[in-house]
Amino acid sequence: MEQQVKNRWLIALAAVGIHISIGSVYAWSVFTKPITQQFGWDLPDVQFTFSIAILFLGLSAAFLGHYVEKHGPRKAGTLASLFFGVGIVGSGLAIQLASLPLLYICYGVLGGIGLGVGYITPVSTLVKWFPDRRGLATGLAIMGFGFASMIASPIMNALIESVGIANTFYILGIIYFGVMFASAQYLSPPPKDWVPAGFSTAEGAGDKQIKKDLCQLTANEAIKTRRFYWLWLMLFINVTCGIAVISVASPMAQEMVGMSVQTAALMVGLNGLFNGGGRIGWASLSDYIGRANTYTAFFAIQMVLFFLLPNINSPVLFMIAMFIIMTCYGGGFASIPAYIGDLFGTRQLGAIHGYILTAWAAAGLAGPIFAAWVREATQSYTGTMSVFAAMFIVAFIISLLIRVDIRKLKEEAKQREKSVELAS
């Protein structure tokens, strides 16, 4: 009996379900003020909870990427739902017991592990289900992660006001566990040699062609290649500068262009919209213009904008520049899994993606600290923008250097095809 093939759009919906749940981590700032007011804890100590979560996101993505490949997306997604659900519910207990270390362990460590596994699991599955539209597929899921804070923030605010902080964590933990667990049960890889209807991998088959991957490497083979480190550095620079700007967006806008507190707050809220929109927009575009061109565009655009930012006097122009930067920031996250698939194949994509995401963990720690340090050293945000512009020049050069490796891979693939033809 022929195996029934699952609906790949429902797989995409399940991926969005997981990402919308874990993406709520970006709404952590909603909790910081109520927690500091209730317990009198220092604001940096409470904010450190978020840093731990992002650190463990990167670490668990790197170390558990092989688990995803070995046990499949359903088991990995279930594991993510358990860690994230227990982490959020445990955070409620930490609040009830007034224990900051327990909050670090539950939200930061357990929640962070759920984040990492939950992030890479659906993405690696989607790349396999959408060989024809990898960018669109990964963009959909990762857009869910980007938009999650916009959805979660008002809900969290309303819950904190009506039932208190601890109960808010309990309610959210149960809801997130339910959504993630249910979503994980539908996730599965496509059958062997499966292609979408109307497509073919064979030349001259009369169907639309699926572009072949340049090679098929394991994660341990991938980290021995130069292009792996080019990708890592590109993501690290894009995220470091993006997170740094997000962390100081409001005070920077007030200081540099005299924006009012209310307008700056509006800009910060809209940043999330452009961050999420950039994920689906740029990733979908990358299916048509290619991943290499997409990343070169990210860095060329941001290089120019960061040089211009210190000279912009108009709040409206400043906002527009920030929104474009946010689309590039989000687009960098969403396009990387498809780029990994192009350069290393889908054999162990989850594990390779996990290794690459250590760049996010490093940038999550480095970005805000770096922005604050440059601001203190130069007494203005202008110096920070100039440093970031210089970093984007480096990223732009790397985006050109990786093309040399891509050309070599294409030539090697052609040689292999010729050898197969001659042998047959």
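Our subject is the structure that appears above.
So, here is what we can say about the structure in this document. Counting starts from 1 at the beginning of each chain's written sequence and moves along it residue by residue. With pLDDT at 70 or above as the cut-off, local features in this predicted model cover only qualifying residues; side-chain atom pairs require 80 or more to be listed or tallied, and sums for whole chains, interfaces and linings still use all residues. Side-chain measures were taken over the full set of non-hydrogen atoms in the model, leaving aside hydrogen atoms and water.

The next point concerns the layout of surface pockets. By volume, the largest pocket is sized at about 1400 Å³. Definitions used throughout: a 1 Å grid over protein atoms alone; a cavity as a set of points that fits a 1.4 Å probe which cannot get out; a pocket as an open set with protein on both sides within 12 Å along at least five of seven lines; a lining residue as one with an atom within 4 Å of a point. As for the largest pocket, its lining consists of 38 residues, and the residues nearest its centre are Y26, S29, F50, I246 and S247. Strands are runs of DSSP state E lasting at least two residues, helices are runs of H or I lasting at least four, and both sets are numbered from the N terminus onward. The biggest single contributor to the lining of the largest pocket is helix 3 (residues 43-96), with seven residues. In terms of residue class, the lining of the largest pocket is made up of 21 nonpolar, 16 polar and one charged. Each of domain 1 (8-186) and domain 2 (219-422) accounts for three or more of the residues forming the lining of the largest pocket. Considering only enclosed or pocket space, the second largest pocket measures out at about 1100 Å³ in volume. Lining the second largest pocket are 34 residues, and of these K211, K212, D213, L214 and K410 sit closest to its centre. Grid points are joined across faces, edges and corners, and a volume is the space filled by probe spheres set on the points. Under the grouping applied here, Gly and all other residues not named as nonpolar or charged are polar, the nonpolar ones being Ala, Val, Leu, Ile, Met, Phe, Trp, Tyr, Cys and Pro and the charged ones Asp, Glu, Lys and Arg. Note that domain bounds follow an automatic or database assignment of domains.

Attention now goes to the environment of A338. Counting through the fold element by element, A338 comes out in helix 11 (residues 315-344). Note: C-alpha distance between A338 and R226 (112 residues apart in sequence) is 18 Å. Every residue in contact with A338, bar those within four places of it in the chain, is listed here: R134, G135, T138 and R291. Note on contacts: a residue pair is in contact if any heavy atoms of the two residues lie within 4.5 Å.

For this document, the term salt bridge refers to a Lys or Arg side-chain nitrogen within 4 Å of an Asp or Glu carboxyl oxygen. In this structure the tally under the stated criterion is six salt bridges. Residue D287 is joined to R291 by a salt bridge in which the shortest nitrogen-to-oxygen separation is 2.9 Å. Buried, partly exposed and exposed residues are distinguished by accessible area as a fraction of the type maximum, computed with a 1.4 Å probe on protein chains only: under 20%, between the cut-offs, and over 50%, respectively. Take D287: its relative accessible area is 25%, and that puts it in the partly exposed class. Overall, the relative accessible area of 9% leaves R291 in the buried class. In this structure, D342 and R291 form a salt bridge, with 2.8 Å as the shortest nitrogen-oxygen distance. Of the two residues, D342 sits in helix 11 while R291 sits in helix 10 (residues 291-308), which places them 51 residues apart along the sequence. Note on accessibility: D342 and R291 belong to one class, buried. Each of R134, D287, R291 and D342 takes part in salt bridges that share partners, so that together they form one network.

The subject of this paragraph is helix 12 (residues 349-356). Burial runs high along helix 12: eight of the eight residues are buried. When we look at burial in helix 12, the residues that qualify are L349, G350, A351, I352, H353, G354, Y355 and I356. In this structure, the buried side of helix 12 is in contact with helix 3, helix 4 (100-129), helix 7 (219-222), helix 8 (226-257), helix 11 and helix 13 (358-378).

Turning next to helix 10. In a helix, the anticipated span is given by 1.5 Å times the number of residues less one. The end-to-end C-alpha separation of helix 10 is 26 Å, in line with the 26 Å expected for 18 residues at 1.5 Å each. What helix 10 keeps buried is the set R291, A292, T294, Y295, T296, F298, F299, Q302, M303, L305 and F306. Tucked into the core, helix 10 has its buried residues touching helix 5 (134-163), helix 8, helix 9 (261-289), helix 11 and helix 14 (381-423).

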